[in-house]
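Chain and residue survey
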Amino acid sequence: MKSKEIRSAFFEFFKSKQHTVVPSAPMVIKDDPTLMFTNAGMNQFKEFFLGNSDPKNTRVTDTQKCLRVSGKHNDLEEVGMDTYHHTMFEMVGNWSFGDYFKEEAIAWSWELLTDVFKIDKDKLYVTIFEGDKSEGLARDTEAYNFWKQHIAEDRILNGNKNDNFWEMGEQGPCGPCSEIHVDIRSDEEKAKVSGAELVNADHPQVVEIWNLVFMQFNRKANGSLEKLPAQHVDTGMGFERLCMVLQEKQSNYDTDVFTPLIREIEAITNTKYGKDEEKDIAIRVISDHVRAVAFSIADGQLPSNTGAGYVIRRILRRAIRYGFTFLNKKEPFIYKLTDTLVKQMGDTFPELVSEKNLIINVIREEEQSFLRTLDQGLVLLENVISNASSITISGKKAFELYDTYGFPIDLTALILRERGYNLDEKEFESELKKQKDRSRAATKVETGDWVVLREDDVEEFVGYDTLETQVKITRYRKVESKKEGEMYQLVFNLTPFYAEGGGQVGDKGYLEAPNGEVVYIVDTKKENNLIIHFAKNLPRNTEDTFKAVVDVKQRNRTASNHTATHLLHQALRTVLGDHVAQKGSMVHSRNLRFDFSHFSKVTDEELKQVEDFVNARINENLALQEQRGVPYNQAIDEGAVALFGEKYGDAVRTIRFGNSMELCGGTHVPNTGNIWHFIITSEGAVASGIRRIEAITGDAAKNYFVDRSNDFAEIKKTLNAQNPVKAVSNLQEENAALQKQVQELLKDKAKNLKGDLKNELETVNGINFLAKEVDLDASGMKDLAFEMGGEIDNLFILFGSKQNGKALLTCYISKELAADKSLNAGQIVRELGKHIQGGGGGQPFFATAGGKNPDGIDEALSAAKQYLK
């Protein structure tokens, strides 16, 4: 069976068992602070397991895009080394929310695998939870008895807590699980060693393909377990492994999930998969990683230097590094695999089709950037080697290359081995551990259990209609972190506070008790469908009824900026074209940020047109037209714009101002006139094909005009002129004339110097050598060096100069000399730049350096002669 047929058969089977097929959630998680990425199929259903909301359907099935590269589930370093670990993978599963339980889950899994997919029963083993005395948990005899009806008892194996008790984190729903393993070894191998001995032993041909989790308990903060009010089923099967079994392959990479990508890599790199283990690993790494990166970009996460973006950048750089080292690819090529991936998976995941151009452009630019980093790192590593006092290279130096410059440690170790050096790996690991410990300490959050004061099925948000209401606290818990200290998270029966989402920050405000006590709400977020209010302290009497009041000024400013993003989106599509799509936003009370797709710089004229368009809509005083609970498909048919990377339910809210209509859950002004005015403060690139506009409205715009007016008045006063524009123009003309005179004088000075300096040349090993401090700027030193180079052969010059409290070095080497003696001016000034506490670079025949220590110029000049010996 082809992979598409396998996926379809899975869905059809569970549809026959009255399951509803639901779409995959985005791989990038936006409303769960405990996770960066979806790492298991159950993530999008956590709110149902926690009892925070009721599911529309109690039986569902799906294929979920998952990413495992950080935290507890971290498969990154195994990827490529073996044949079955992946970063991004599909997890197909079926779910029961308080409906069926162990008996049906076990029976249906067996029916699907053996009757529908025709897997030989003699290849299968199952595991059950053996129990754990320390937890007071008995053996899962219930699952054992159900399995006995389908499989021989000697194929039902006990599994320990690590393998057969599934937990979604340190706290939360959990329960025993049954894993289904398949043995695809040859008959000869099976005769030597029983498959039962190899289950959960990391054997590449005896692998787990399906895990049936029976959610029965809730793990509390103190480590204890309590029974859940309802029992759930959560199953997850590795789609790639299932394809390996059904297509009778020995590796996931030999299935049609990966072979189209591998064939394309072979063609681009002129290699052959299966001939060389190092190249095979590289091809596996690239074919896996391009999937992870492409799906992440399609789901709204661009590579960056922080958070989830850093994870994606790290995955892509690992792929680039393998291509660079083992496939000899020194130019971008991974982006070319996008076409193949889209053709292969675009039907199942249409976001790949819609974001194809973005994926291509972002990956290509990231490749170009990191290849430049690799070139820079190679030079820096060369400096480390040349300064080494022994054959063992400092792990601290290697860590600096890794941490500061992004140079991969495995590439450092490889190059050192090739050059006959060793890396002090223990020292490197020690430095890495210190960094990780610092990071963990800074981000560690200790979360207490919820203290439930009253049961409440739905926490209603009323903040669209009112900013003040009476509330009761339904639950609270204490959280502690190094960054924020001790905080309390409060949940109300209803709330006017908007929780951070859709790019909009959460509301602030306060609770007022009947006795006048005030508790300040410093932030509002959403977690697993709960609106959580952050406070520094608890009210004295948590049973009171409180007046909840949103900070009106901040809410109005935020609403003004949010509405402005809608008008800005419309303006960009009108001015630049329909290809423009929102790729992210951040709406604060002080300003707004809007990312959008566009493949060239927005000109000043275009920015003026955009600004004028938005302000025209503001001046039209367009009233808000809001619809709530609209069916998603109806809203789209009516012209509403769905935003990039957002997950929408069956019913949505639409926001319309004139011809601007979007799906949006944020807060908005009742009339565009409330925005007052819109000013663009900056525009620039954030990634290939992604531009960013920052802007202000309302009070911030008023303050902007006041500040500019004050600046203008100060300029008039300073220039003592009625027409400051004309006065500044005159000053610019005078300055240009003076600069021209200065350049002419410096040239004359250099010419006069040239004759004197020729007389100071000395011969060192047949080379005309001069190291001299001169009173010239960088341009003057360059002109002088090239003039002397045009008249004198075999010339090596190092000039030093002090300018404005800084140090400058200029190195010139005749091109023939640089080639014959393997001299490199760029490397030389980088080394000599250390004397002036700076750095630099350039070409082999000419380079410059700058530094902050002018007193080191003499040392640099004195050290120059050593390069000629």
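Along each chain, residue indices are assigned from 1 in the same order as the chain's sequence is written. Only residues with pLDDT of 70 or above have their local features reported here, since the model is predicted, and side-chain atom pairs are shown and tallied only from 80 upward, although totals for entire chains, interfaces and linings are computed over all residues. Working from all heavy atoms in the structure, the side-chain values ignore hydrogens and water.

The next thing to look at is the overall build of the chain. The helix and strand tally for the chain stands at 25 helices and 36 strands. Across its three principal directions, the C-alpha atoms of the chain cover 100 × 80 × 50 Å. A burial count over the chain gives 51% of its 869 residues as buried. In what follows, residue pairs with any heavy atoms lying within 4.5 Å of each other are defined as contacts. If you take every contact in the chain between residues at least 6 apart in sequence, the share linking residues at least 24 apart comes to 68%. Working definition: helices are DSSP H or I runs of at least four residues, strands are E runs of at least two. Numbering for both runs from the N terminus. In this scheme, a residue with accessible area under 20% of its type's maximum is buried, one over 50% is exposed, and one in between is partly exposed, where area comes from a 1.4 Å probe on protein chains only.

On to the packing of helix α20 (residues 698-719) against helix α21 (residues 724-758), then. Simply put, an axis is a line fit to the C-alpha atoms, just over the touching stretch for a helix, and the angle between two N-to-C directions goes from 0 to 180 degrees. Following both chains from N to C, one finds α20 and α21 inclined at 60°, their axes separated by 10 Å at the closest point. The angle between α20 and α21 falls in the class oblique. For the pair α20 and α21, the crossing hand works out as left-handed. Contacts from Phe712, Ile715, Lys716 and Leu719 of α20 reach α21 at Pro724, Ala727, Val728 and Leu731. Note on residue classes: Ala, Val, Leu, Ile, Met, Phe, Trp, Tyr, Cys and Pro are nonpolar, Asp, Glu, Lys and Arg are charged, and everything else, Gly too, is polar. Considering only residue class, the contact of α20 with α21 consists of 7 nonpolar, no polar and 1 charged. Under this scheme an angle from 65 to 115 degrees is roughly perpendicular, one under 35 degrees roughly parallel, and one over 145 degrees roughly antiparallel; angles in between are oblique. A clockwise turn of the near helix away from the far one marks a right-handed crossing, whereas an anticlockwise turn of less than a right angle marks a left-handed crossing.

What follows deals with the pattern of salt bridges. Any Lys or Arg side-chain nitrogen found within 4 Å of a carboxyl oxygen on Asp or Glu counts as a salt bridge. According to the stated counting rule, one finds 50 salt bridges in the structure shown. The residue Glu486 makes a salt bridge to Lys478 at a minimum N-O spacing of 3.6 Å. A relative accessible area of 37% places Glu486 in the partly exposed class. Between Glu500 and Lys525 there is a salt bridge, with the nearest N and O atoms lying 2.8 Å from each other. Remark: Lys525 occurs in strand β21 (residues 518-527) and Glu500 occurs in the loop between β19 (494-495) and β20 (509-512); sequence separation between them is 25 residues. Since its relative accessible area comes to 27%, Lys525 is described here as partly exposed. In this structure, a network of salt bridges that share partners links the residues Glu135, Lys161, Glu167 and Arg219.

In terms of nonpolar packing, the biggest core is built from 118 residues, with Trp147, Trp210, Ile334 and Leu352 touching the most fellow members. If we ignore the near neighbours within four places in the chain, the residues touching Ile334 are Ile286, Val290, Leu316, Ala319, Ile320, Ile363 and Glu367. Core analysis: the second largest hydrophobic core is formed by 27 residues, Ala571, Leu572, Val610 and Ile655 among them. In this description, a nonpolar core means a group of buried Ala, Val, Leu, Ile, Met, Phe, Trp, Tyr and Cys residues linked to one another through side-chain atoms lying within 4.5 Å.

The description of an aromatic ring pair uses the distance of the two centres, along with the angle that the planes make with each other. When the centres of two rings from Phe, Tyr and Trp lie within 6.5 Å, Trp using its six-membered ring, the rings pair. Their planes under 30 degrees apart give stacked, over 60 give edge-to-face, and anything left gives tilted. Per the stated rule, a full pass over the model turns up 29 aromatic pairs. Their ring planes at 70° and their centres at 6.3 Å tell us that Phe10 and Phe11 sit as a pair that is edge-to-face. Per residue, the accessibility class of Phe10 equals that of Phe11, and both read buried. Each ring, one from Phe786 and one from Tyr812, has its centre 5.2 Å from the other, and the planes form 70°; the classification is edge-to-face. Placement of Phe786 in helix α22 (residues 778-791) and of Tyr812 in strand β34 (residues 806-813) is noted, with a sequence separation of 26 residues between them. Taken together, Phe10, Phe11, Phe13, Phe14 and Trp210 form an aromatic cluster joined through their ring pairs. Two thresholds decide whether a charge sits over a ring: the Lys NZ or Arg CZ must be within 6 Å of the ring centre and within 35 degrees of the ring normal. In this structure, Arg475 is placed above the aromatic ring of Trp450, and the distance from its NZ or CZ to the ring centre is 5.6 Å. The ring of Tyr464 carries the charged tip of Arg653 above its face, separated from the ring centre by 3.6 Å.

All right, on to helix α14 (residues 395-405) then. Residues of α14 that are buried include every one of Gly395, Ala398, Phe399 and Leu401, and no others. All buried residues of α14 fall inside an arc of 155° around its axis, so they share one side. Backbone geometry just after α14 places Gly406 at a positive phi near 75°. The arc in question is formed by the directions pointing from the helix axis toward the C-beta atoms.

On to the packing of helix α3 (residues 102-116) against helix α4 (residues 141-148). The N-to-C vectors of α3 and α4 enclose an angle of 40°; their axes lie 9 Å apart at closest approach. The crossing of α3 and α4 is right-handed. The residues of α4 that touch α3, namely those facing Lys102, Glu103, Ile106, Ser109 and Trp110, are Glu142, Ala143, Phe146 and Trp147. A per-class count over the contact of α3 with α4 returns 5 nonpolar, 1 polar and 3 charged.

What follows concerns the pairing of strand β32 (residues 767-773). Paired strands, as defined in this entry, are two strands with at least two bridges between them according to DSSP. Two elements, strand β31 (residues 762-764) and β32, share 3 bridges in a ladder whose sense is antiparallel. Of the residues in β32, the one forming a bridge with Glu762 is Phe769. In textbook terms, the turn of a hairpin is the stretch between consecutive antiparallel strands, and for β31 and β32 this stretch comprises 2 residues, one of which, Asn765, has a positive phi near 50°. Taken together, the 6 bridges between β32 and strand β33 (residues 795-803) define a ladder with parallel strand orientation. Paired with Leu770 across the strands is Ile797, a residue of β33. If the strands point away from the viewer and the path from the first strand over the helix to the second runs clockwise, then the crossover is right-handed. This β-α-β element, β32 to α22 to β33, shows right-handed connectivity.

By the secondary structure assignment, Ser779 is in helix α22. In sequence terms Ser779 and Lys747 are 32 residues apart; their C-alpha atoms lie 9.4 Å from each other.

Looking now at a nonpolar patch on the surface. Like-charged residues within 9 Å of one another, or nonpolar side chains (Val, Leu, Ile, Met, Phe, Trp, Tyr) within 5 Å, are grouped into patches, provided each residue has over 30% relative accessible area and no salt bridge. Surface accessibility in these figures is a Shrake-Rupley result with a 1.4 Å probe; residues are shielded only by whichever protein chains are displayed. Taken together, the side chains of Val518, Tyr520 and Val522 make up a nonpolar region of the molecular surface, amounting to roughly 260 Å² of accessible area. With respect to the helices and strands, Tyr520 occurs in strand β21. Residue Tyr520 is classed as exposed on the basis of its relative accessible area of 55%.

So, about the sheet that holds β34. Judged by pairing direction, the sheet is mixed, and its 6 strands sit side by side in the order β31-β32-β33-β34-β36-β35 without closing on themselves. Every other strand in the sheet has two partners, leaving β31 and β35 (838-842) as the edge strands with one partner each. Sheet twist, expressed as the average angle between the axes of neighbouring strands with direction ignored, equals 20°. Packed onto the sheet, α22 meets β32, β33, β34 and β36 (846-851) and runs at close to 165° relative to β33.

What follows covers the side chain of Arg241. Mapped onto the fold, Arg241 is located in helix α7 (residues 239-246). When residues no more than four places from it in sequence are discounted, the contact partners of Arg241 are Tyr84, Val207, Glu208, Ile209 and Asn252.

The subject of this paragraph is the sheet that holds strand β26 (residues 625-631). Paired through backbone hydrogen bonds, the strands of a sheet run either parallel or antiparallel to each other. Read across the open sheet, the 3 strands follow the order β26-β27-β28; overall the sheet is antiparallel. The outermost strands of the open sheet, each flanked by one partner alone, are β26 and β28 (660-663). Here the strands of the sheet are splayed against their neighbours by 20° on average, with no regard to which way each runs. With 4 bridges joining them, strand β27 (residues 651-657) and β28 adopt antiparallel strand pairing. Across the sheet, the residue bridging to Phe657 is Ser660, located in β28. Sheet contacts for helix α17 (residues 552-576): β27 and β28; angle to β28, the most-contacted strand, approximately 115°.

It is worth spelling out the state of the cysteines at this point. Two cysteine sulfur atoms make up a disulfide if the distance between them is within 2.5 Å. Within the structure shown, the criterion is met by 0 disulfides. Looking at the unpaired Cys177, the closest cysteine sulfur is the one in Cys174, lying at 11 Å.

With that settled, the discussion passes to the side chain of Ser287. Relative to the helices and strands, Ser287 is located in helix α9 (residues 277-298). The term polar contact refers here to a pair of N or O atoms within 3.5 Å; inside protein, the definition further demands a hydrogen-donor-capable atom paired with an acceptor-capable atom, and it admits residues adjacent in sequence only when both atoms are side-chain atoms. A polar contact of 3.0 Å, which involves the side chain of Ser287, links it to the backbone oxygen of Arg284. Setting aside residues up to four positions removed in sequence, Ser287 forms contacts with Tyr253, Phe258, Leu261, Ile262 and Ile265.

With that settled, consider unusual backbone geometry. Although it is not a glycine, Asn528 sits at a positive phi angle of roughly 50°. Tracing the backbone through its elements, the reader meets Asn528 in the loop between β21 and β22 (530-535). For Ser822, which is not glycine, the phi torsion reads 55° and is therefore positive. Looking at where Ser822 falls in the secondary structure, it is placed in the loop between α23 (815-820) and α24 (825-832).

This part takes up the confidence of the model for the chain. pLDDT is a per-residue confidence score from the predictor, ranging from 0 to 100. Overall, the prediction assigns the chain a mean pLDDT of 90, with 98% of residues at 70 or greater. A low-confidence stretch, residues 70-74 (pLDDT under 50), is modelled with 5 contacts involving residues beyond four sequence positions or located in other chains.

What follows deals with the pairing of strand β29 (residues 678-687). For β29 and strand β30 (residues 690-697), the ladder comprises 8 bridges, and the chain directions are antiparallel. For Phe678, the partnering residue across the bridge sits in β30 and is Thr697. With antiparallel pairing between neighbouring strands as the criterion, β29 and β30 make up a hairpin whose turn holds 2 residues, including Gly689 at a positive phi of roughly 80°.

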